Amino acid sequence: MTALIARALREHDTWRDAPRPWPRPPGWYPDHRRMPRAKLPNTHDMTVYVASWLRTQQGRADVARALDTGDYTPLAIGGLPLDDAVKTHYRAWQLVQLAQDKGEPLSDVSVRRLLDGVPPGEHPATLTKHRVVYVRPLGTFVRLPVRTPKTNLEAAVRLGIVEGVLVRTPDEEHGLYVGLSNEASTVIERAMRGKNWTHNLYQDEEHPTLGVEYRGEGLSDEANVERVRKLDPRMGDISRFFLAKALEKELGAGGTQARFIDVTVSLNEIARALGYRPHPKGGMRAEDLVKTHDAISDLESLYLVRLPDGSQQLQVGRSLVSRDGRPLRPPGVRLFALMRTDVVDERTPAERVVGGRRLTNVFTFVLGDWAREYQRNYAPIFRSIIELPANTVVNVWVKQFAMELAFLFVGGRQTQRLTLRVEDLLRRASVLDEVEKLRERRRPQEAVRRFEEVLDTLGKLGVHDGWAYTPESESAIGQADGKRWLLDVWLAADVTIKPPVALLSTFSRMLESGQDT
């Protein structure tokens, strides 16, 4: 019997490892849709290529001769290992080669015509939109091909070889947007989480005189309540992105607050900012565009409402009523005033049909009046948080924890470790109720594990530079492990969180370059 079993196992292994006669199904490899990245030459060949270009540039012959002798140090870039610096130079000159061979040279007259009527502060964005750059080694403006490698363009911008284009480089942004940190922005951020809504009104415990109401155009009260129940968690990411785009333009205009500047974005751009994967054939996937469009429609229906004391009684978890018991509809302002754009360039239609639905393809919006009525404190919004999918409980917690920490990093001036009670951090992030549900199910260890996983993930995303329980709290949690009072001890524990000082320093410089805060 033992021999028969052994033989059967050998035959099973042979069948399992044999090549399949049928084609492998889609998804056999996780990245089967991705185009393979071109392999770079070895370091010697890359420096030979760079040297060949440097010889064509006035005053660069000495560097070329040094490269010929095997001395690569003239290519050093601060903050990069030498081999990465060589790759950066190689990619930058590859872009110049591409511009020379396949780019469309443009005269100064053509560029001036392209920028006619465009404010000076928007020239880089306009040139970027039309793929136009000034290539210094060629001494002319060039319209780059559609399939221009992004890494090569970033390398060329970093070395100053091309100008007139907006790309994200490691030295410039470090993955940060500018957001607001004040009473109104805090209430709006927490409302997006879908917690503590009473019918179609959100009420915040910490700021009882403000609320957010869902008022869908032409919808009944029952329909509004139903929409609130189905709010997409990505709506919060769109709100953060819209706020960041508006503040970016405002700061670029010198911090003008008297009249907010309108911002125009395409549906593709918004979906891309949310981190959705592009379609293999170009553009964004239909299902992601539909989800993004629906979330924007919900965002358009949100109003910030004032709830003054006296004439109204506001109690968290109850309906808003007057003293005589009648329901009240407080006045409010839209979070974002959205307009459909009718006239755009020929490459970007105002509307498009996706999956049988006609969707608005280009949105123009301005911030609501609320944004200038409250103190202007600026807080960092981490790009990685907006791009993070909201497809797991841990990811949703990560987004909410990150925004609460960002509110504590106001103006980028936080340099000392933060000490927070676990229960307070959970409450601020609107997840304390979920922890209590885990208590009811007698799964306290899962709450602890999830909390620690969230903080670890935030560290990997650059939101903080490290966290730990205080020694006293860590000892208490260890002693309570496996006991029924573990959750109470853990909720009373303190954690220390180290702010990302280098990132916040960059954020402070971003603000100072835009306006005096």
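First, a word on what this report is: a plain description of the structure on this page. (Residues numbered from 1 in each chain as written. Predicted model: local features only at pLDDT ≥ 70, side-chain atom pairs only at ≥ 80, totals over all residues. Heavy atoms only, no water.)

### Some thoughts on the overall build of the chain
Reasoning step 1: Assigned secondary structure in the chain consists of 21 helices and 19 strands.
Reasoning step 2: Counting over 517 residues, the chain shows a buried share of 45%.
Reasoning step 3: Across the chain, contacts joining residues at least 24 apart in sequence account for 72% of those joining residues at least 6 apart. (Helix = DSSP H or I, 4+ residues; strand = E, 2+ residues; numbered from the N terminus. Buried < 20%, exposed > 50% of the residue type's maximum accessible area, 1.4 Å probe, protein only. Contact = heavy atoms within 4.5 Å.)

### Focus on the sheet that holds strand β3 (residues 140-143)
Working definition: the strands of a sheet are paired by backbone hydrogen bonds and lie parallel or antiparallel to each other.
Reasoning step 1: Across the sheet, which stays open at both edges, the 4 strands sit in the order β1-β3-β2-β4 with antiparallel pairing between neighbours. Sheet topology places β1 (104-106) and β4 (162-163) at the edges, where each strand pairs with a single neighbour.
Reasoning step 2: Relative to β3, β1 runs antiparallel, the two sharing 3 bridges. Bridge pairing in β3 links Leu106 to Phe141. (Pairing = 2+ DSSP bridges.)

### Some details on the nonpolar core
Reasoning step 1: With 100 residues, the main nonpolar core has Phe242, Phe401, Leu426, Phe451, Leu458, Tyr469 and Trp490 as its most contacted residues.
Reasoning step 2: Other than its neighbours up to four places away in sequence, Leu458 contacts Ile385, Val398, Phe401, Ala402, Leu405, Val463 and His464.
Reasoning step 3: Counting 27 residues, the second largest nonpolar core, distinct from the first, contains Leu75, Trp93, Val133 and Ala156. (Core = buried A, V, L, I, M, F, W, Y, C linked by side-chain atoms within 4.5 Å.)

### Things to note about helix α9 (residues 221-229)
Reasoning step 1: Listing the buried residues of α9 in full gives Asn224, Val225 and Val228. Along the axis of α9, the buried residues cluster in a sector spanning 100 degrees; they form a single face. Opposite the packed face of α9, turned more than 90 degrees from it, sit the exposed residues Glu222 and Arg229.
Reasoning step 2: Looking at the buried side of α9, the elements it contacts are β6 (197-198) and β8 (210-214). (Arc of directions from axis to C-beta.)

### Focus on unusual backbone geometry
Reasoning step 1: In this model, Arg131 sits at a positive phi of 60 degrees, which is unusual for a non-glycine residue.
Reasoning step 2: Its place among the elements puts Arg131 in the loop between α6 (123-129) and β2 (132-135).
Reasoning step 3: Judged by relative accessible area, Arg131 falls into the partly exposed class, the value being 28%.
Reasoning step 4: The phi torsion at Ser430 lies on the positive side, around 65 degrees, for a residue other than glycine.
Reasoning step 5: When you line up the elements, Ser430 lands in the loop between α16 (422-428) and α17 (432-440).
Reasoning step 6: Judged by relative accessible area, Ser430 falls into the buried class, the value being 12%.

### Digging into empty space enclosed by the protein
To locate leftover empty space, one rolls a probe as large as a water molecule over the atoms.
Reasoning step 1: In total, this model carries 2 cavities of 30 Å³ or more according to the counting rule given.
Reasoning step 2: Estimated volume of the largest cavity: approximately 140 Å³.
Reasoning step 3: Forming the boundary of the largest cavity are 15 residues, of which Ser185, Glu189, Arg240, Leu243 and Met403 lie nearest the centre.
Reasoning step 4: The set of elements that each furnish at least two residues to the lining of the largest cavity consists of β5 (176-180), α8 (183-191), α10 (234-252), β16 (378-382) and α15 (393-408).
Reasoning step 5: Broken down by class, the residue content of the lining of the largest cavity amounts to 10 nonpolar, 3 polar and 2 charged. (1 Å grid on protein atoms, 1.4 Å probe; cavity = no way out; pocket = protein on both sides within 12 Å on 5 of 7 lines; lining within 4 Å. Points joined across faces, edges and corners; volume = space filled by probe spheres on them. Nonpolar A, V, L, I, M, F, W, Y, C, P; charged D, E, K, R; others polar.)

### Section: the pairing of strand β13 (residues 351-354)
Reasoning step 1: Pairing of β13 with strand β14 (residues 357-360) involves 4 bridges; the strand directions are antiparallel. Residue pairing for β14: Val354 is matched across the bridge by Arg357.

### Focus on the pattern of salt bridges
Reasoning step 1: Considering all chains together, one arrives at 32 salt bridges under this definition.
Reasoning step 2: The shortest N-O distance in the salt bridge between Arg190 and Glu206 comes to 2.7 Å. You can see Arg190 sitting in helix α8 and its partner Glu206 sitting in the loop between β7 (201-203) and β8, a full 16 residues away along the chain.
Reasoning step 3: Classification of Arg190 as buried rests on a relative accessible area of 5%.
Reasoning step 4: In this structure, Glu404 engages Arg193 in a salt bridge whose closest nitrogen and oxygen atoms are separated by 3.0 Å. With Glu404 in helix α15 and Arg193 in the loop between α8 and β6, this residue pair connects regions lying 211 residues apart in the sequence.
Reasoning step 5: Residue classification places Arg193 among the buried residues on the basis of a relative accessible area of 12%. (Salt bridge = Lys/Arg side-chain N within 4 Å of Asp/Glu carboxyl O.)

### Details of the packing of helix α2 (residues 43-54) against helix α4 (residues 82-102)
Reasoning step 1: Running from N to C, α2 and α4 point in directions that differ by 50 degrees, and their axes come no closer than 9 Å. Considered as vectors, α2 and α4 are oriented oblique to each other. Seen from above, α2 lies across α4 with left-handed handedness. Contacts between α2 and α4 involve Thr43, Met46, Thr47, Tyr49, Val50, Trp53 and Leu54 from the first element and Val86, Lys87, His89, Tyr90, Trp93, Gln94, Val96, Gln97 and Gln100 from the second.
Reasoning step 2: Looking at the contact of α2 with α4 residue by residue, the classes come out as 9 nonpolar, 6 polar and 1 charged. (Axes fitted to C-alpha atoms, helices over the stretch in contact; angles between N-to-C directions. Parallel < 35°, antiparallel > 145°, perpendicular 65-115°, else oblique. Left-handed = near helix turned anticlockwise from the far one by under 90°.)

### Observations concerning the sheet that holds strand β17 (residues 418-421)
Reasoning step 1: On the basis of which strands lie adjacent, the open sheet formed by 3 strands has the order β17-β19-β18 and antiparallel pairing. Here the strands that pair on one side only, and so sit at the sheet edges, are β17 and β18 (467-469). Geometrically, the sheet is characterised by an average inter-axis angle of 25 degrees between neighbouring strands, direction not taken into account.

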